[in-house]
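# Understanding the architecture of this molecule
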Amino acid sequence: MLRFAHALVELHKRRAHVRDLAEIAEIDGRRGELVNDINDWIVRKMPQHRHGASLHTESLGAVIDRMAHSWVAANQAIEADGVRSDRTHRHWYHLAELVDGYTDLIAEVAGGRRRLPVQ
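A few points on the structure. From a predicted model like this one, the values you see are computed outputs, not experimental measurements.

## Comments concerning the layout of surface pockets
In this structure, the largest pocket spans a volume of roughly 200 Å³. In terms of lining, the largest pocket is formed by Met1, Leu2, Ala5, Val9, Ile64, Met67, Ala68, Trp71, Leu95, Val99 and Tyr102. Of all elements in the fold, only helix H1 (2–17), helix H3 (60–81) and helix H4 (86–110) reach the threshold of two or more residues within the lining of the largest pocket. Per element, the largest residue contribution to the lining of the largest pocket is four residues, and it comes from H3. When the residues that make up the lining of the largest pocket are grouped by side-chain class, the tally is 11 nonpolar, no polar and no charged.

Okay, here's the thing in structure tokens:
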């Protein structure tokens, strides 16, 4: 899982500096592949409880992709504005909220209270 997340971070870093539409499409295609790989991994590693479990609105891969994007944006804010800026604070606060949501989601899926959408 960490390799997938790291690869998504690297793709988001690269995408932030690319202007060529073909290269952006290539990066986004690779991100989509990694999201699918994460979704396949979670199906193999964590049983889904279908009866009585609430459906989450997005896949785990999509959640991790958003966290990777937020991580890159937060680090870019530090580089551009410094650690004490309001913009940097907003980015890191947003990332912390995503991490909290991810943690809650994993606990709910593991406990059978939430299920992930089928790809």
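## Details of the packing of H3 against H4
Packing of H3 against H4 leaves a shortest axis separation of 8 Å and a crossing angle of 160 degrees. By the angle between their axes, H3 is roughly antiparallel relative to H4. Note that H3 runs across H4; the crossing there is left-handed. Here the contact of H3 with H4 is composed, by residue class, of 17 nonpolar, five polar and three charged.

## A closer look at the pattern of salt bridges
With the rule as written, the count across this model stands at 10 salt bridges. Ionic pairing is found between Glu10 and Lys13, a salt bridge with its closest N-O pair at 3.3 Å. Of this pair, Glu10 and Lys13 both sit in helix H1, separated by three residues, roughly a single helical turn. The class for Glu10 is partly exposed, based on a relative accessible area of 34%. By relative accessible area, which is 37% here, Lys13 ends up partly exposed. The salt bridge partner of Glu33 is Arg30, with a shortest N-O separation of 3.0 Å. Placement of the pair is Glu33 and Arg30 together in helix H2 (residues 21–45), with a separation of three residues, close to one helical turn. Residue Arg30 is classed as partly exposed on the basis of its relative accessible area, which comes to 35%. The structure contains a network of salt bridges with shared partners spanning Arg15, Asp28, Arg31 and Asp65.

Scoring rules and cut-offs
- Residues numbered from 1 in each chain as written.
- Predicted model: local features only at pLDDT ≥ 70, side-chain atom pairs only at ≥ 80, totals over all residues.
- Heavy atoms only, no water.
- 1 Å grid on protein atoms, 1.4 Å probe; cavity = no way out; pocket = protein on both sides within 12 Å on 5 of 7 lines; lining within 4 Å.
- Points joined across faces, edges and corners; volume = space filled by probe spheres on them.
- Helix = DSSP H or I, 4+ residues; strand = E, 2+ residues; numbered from the N terminus.
- Nonpolar A, V, L, I, M, F, W, Y, C, P; charged D, E, K, R; others polar.
- Axes fitted to C-alpha atoms, helices over the stretch in contact; angles between N-to-C directions.
- Parallel < 35°, antiparallel > 145°, perpendicular 65-115°, else oblique.
- Left-handed = near helix turned anticlockwise from the far one by under 90°.
- Salt bridge = Lys/Arg side-chain N within 4 Å of Asp/Glu carboxyl O.
- Buried < 20%, exposed > 50% of the residue type's maximum accessible area, 1.4 Å probe, protein only.

Taken by themselves, the reported measurements are silent on function.
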